[in-house]
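A look at the structure
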Amino acid sequence: MTHLEELSALQKTAVLLEAMPWLRRFKGALVVVKYGGNAMIDDKLKAAFADDILFLHQVGLRPVVVHGGGPQINDMLDRLNLKAPFKGGFRVTTPEVMEVVRMVLTGQVQRELVSLLNRETAHAVGLSGEDGSMFTAKRKYIEVDGEQTDIGLVGDVVEVDTHPVRELLASGRIPVISSVAPDLDDPQHVLNVNADTAAAALAVALRAEKLMVLTDVEGLYADWPNKDTLLHNVYASEVEKLLPSLEKGMVPKIAACLEAVKGGVGSAHIIDGRMPHSMLLEIVTDKGSGTKVLPDELVHEGVVWEGQEL
C-alpha cells in the first residue's frame, strides 16, 4: 500500500487544495532536476521519481532531468576489473574508464529512466551532453598536496547550447540528459562532467524557475550531524559561509545551488531522494521538503517565505 492509499478522502482533498495555488503559480515554469543518489538505484524510488516527473509534466510544468550514474559506473568498473583511483575526491578518468562512463550513462541509466517515463505515453527523450554540443567542457585540474594534478578526462561545463533542450520542450517532451561533454580544446575527446554542476549550468542557461538536486540527506544542516539544525530556507550568502565546513560529498551539490541562484535561477533545492515524492512535497506544499536556497536579492525585497505563498 502506498502513502497516498493510506490517506483518507478528507486528507487527500486537503492535499489537493493546498497544491492548487502552487500549481497555478508554476504552470509553464521550467524546472531542472538533478537525478542521483539512492533514488536512482532503488526500484521503488525510481518508479516514484518517474511518477513525480510525469505529474509535473502533466499539470503544465516543464521538467528537464540531468543525471549522473556514480554507483552504476563503479559497479561496471568492478565487473570489468578496471581501476579508477580517486585523487582529491575525483575519479581519475582514463580513456578506458571514459568508455565505461559513456556506456553506463547513456546505455543503462538514461535508457532505464526514459523507459519508465515512456511506459504509457512517449513523453521523454534521452540526450547526451555531446548531442548538438549541448555541453562543452574544459579539462579540470585539481590541487593535491600543493601541486596541480591531472585527473584525466574530467571537465567542467564552460558553454551550454540550449537549442536541443528548447526544441524538445517546445514539442511537449521531457529531456533526459547525461552529463558528458566534448572537450573545448580537443573536441575529439569527451569529458566526464559532475552532474550537479552540469544541471546548474543548464538551469542558468535556460533561465529556469527552479533547480532541484536529489541527494541522500534531508537537506543542508547548519551544524551537521545535529539534525535539529536542518535549514529549510536559506540565502546564498549564508550558504557560502557554510561551504568550508561541509563534507566533501555535499560540496558540489551546494556549489551547484549557489551557481544556479547567482546565475538567475529563481531558487535551488536540496531534496532527500530517499523519501518517495519528496520533490512534489517541495513544489506543491506550504511546508515543503528539504532546503531551499534563495538569491540574496530577495533579502532586500522583504519577502517572507516560511509558510506563506510566494
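Described in the following lines is the structure provided in the data block. This structure is a prediction, so every number in the text was calculated from the model and none was measured. (Residues numbered from 1 in each chain as written. Predicted model: local features only at pLDDT ≥ 70, side-chain atom pairs only at ≥ 80, totals over all residues. Heavy atoms only, no water.)

What follows covers the environment of R62. Mapped onto the elements, R62 comes out in strand β2 (residues 62-67). R62 sits in the partly exposed class, given a relative accessible area of 34%. Between the C-alpha atom of R62 and that of A170, which follows or precedes it by 108 residues, the distance is 9.6 Å. If we skip the residues at most four places from it in the chain, R62 touches G28, A29, L30, V31 and L169. (Helix = DSSP H or I, 4+ residues; strand = E, 2+ residues; numbered from the N terminus. Buried < 20%, exposed > 50% of the residue type's maximum accessible area, 1.4 Å probe, protein only. Contact = heavy atoms within 4.5 Å.)

Quick look at helix α3 (residues 43-58) now. The end-to-end C-alpha distance of α3, which contains 16 residues, comes to 23 Å, matching closely the 22 Å that a straight helix rising 1.5 Å per residue would cover. Close packing links the buried residues of α3 with β1 (30-35), β2, α5 (95-117), β8 (174-178), β11 (210-215) and α10 (278-284). Positive phi appears at G60, one or two residues downstream of α3, with a value of about 110 degrees. (Expected span 1.5 Å × (residues − 1).)

Glancing now at the packing of helix α4 (residues 70-80) against α5. Look at α4 against α5: their axes get within 9 Å of each other, and the N-to-C directions meet at 125 degrees. Put simply, α4 runs oblique to α5. Two packed elements cross with a definite hand, and for α4 against α5 that hand is right-handed. Between α4, through Q72, I73, M76, L77 and L80, and α5, the contact on the second element is made entirely by V97, V100, V101, M103, V104, L105, Q108 and V109. In the contact of α4 with α5, the residues fall into eleven nonpolar, two polar and no charged. (Axes fitted to C-alpha atoms, helices over the stretch in contact; angles between N-to-C directions. Parallel < 35°, antiparallel > 145°, perpendicular 65-115°, else oblique. Left-handed = near helix turned anticlockwise from the far one by under 90°. Nonpolar A, V, L, I, M, F, W, Y, C, P; charged D, E, K, R; others polar.)

The next thing to look at is unusual backbone geometry. As a rule of thumb, non-glycine residues mostly have phi less than zero, and peptide bonds are mostly trans rather than cis. The backbone of S133 sits at a positive phi, close to 50 degrees, despite the residue not being glycine. Its relative accessible area of 39% is what places S133 among the partly exposed residues. For H277, which is not glycine, the phi torsion reads 65 degrees and is therefore positive. In this fold, H277 is placed in the loop between β15 (267-272) and α10.

Quick look at the packing of aromatic side chains now. A full pass over the atoms with the stated rule returns two aromatic pairs. Here the aromatic rings of Y35 and F49 are separated by 4.3 Å at their centres, their planes lie at 20 degrees, and the arrangement is stacked. In this pair, Y35 is assigned in strand β1 and F49 in helix α3, connecting sequence segments 14 residues apart. Across the pair, F49 and Y35 agree in class, each one buried. Consider the rings of Y221 and W224, whose centres lie 5.0 Å apart with planes at 50 degrees: the pair is tilted. (Phe/Tyr/Trp six-rings, centres within 6.5 Å; stacked < 30°, edge-to-face > 60°.)

Along the chain, the position of K87 falls in strand β3 (residues 86-87). Overall, K87 belongs to the partly exposed group, its relative accessible area being 37%. Residues K87 and E143 lie 56 residues apart in sequence; the distance between their C-alpha atoms is 9.3 Å. Look past the residues within four positions of K87 in its chain and what remains in contact with it is V92, I142, T149, D150 and I151.

Moving on to the side chain of D183. The residue D183 is located in the loop between β9 (180-182) and β10 (190-193) in this model. Here D183 is buried and forms no salt bridge, its nearest opposite-charge partner R139 lying at an N-O distance of 4.6 Å. Of note is the side chain of D183, whose polar atom sits 3.0 Å from the backbone nitrogen of D185. Those residues in contact with D183 that sit more than four places away from it in its chain are A137, R139, H189 and L191. (Lys, Arg positive; Asp, Glu negative; His and termini not counted. Salt bridge = Lys/Arg side-chain N within 4 Å of Asp/Glu carboxyl O. Polar contact = N/O pair within 3.5 Å; in protein donor to acceptor, adjacent residues only side chain to side chain.)

Below, the discussion takes up the sheet that holds strand β6 (residues 135-144). Pairing is mixed across the open sheet formed by four strands, whose spatial order is β6-β7-β10-β9. Each end of this open sheet is capped by a strand with a single partner; those strands are β6 and β9. Along the sheet, successive strands turn relative to each other by an average axial angle of 50 degrees, direction set aside. Seen against the sheet, α5 touches β7 (147-160), β9 and β10 and runs at an angle of roughly 65 degrees to β10. (Pairing = 2+ DSSP bridges.)

What follows concerns helix α9 (residues 251-262). Under the 1.5 Å per step criterion, the end-to-end length of α9 is 16 Å for twelve residues, consistent within 8% with the ideal 16 Å. Those residues of α9 that sit buried are K253, I254, A256, C257, L258, A260 and V261. Count one or two residues on from α9 and you reach G264, which has phi positive near 110 degrees.

Function cannot be read off these values alone, since they describe shape.
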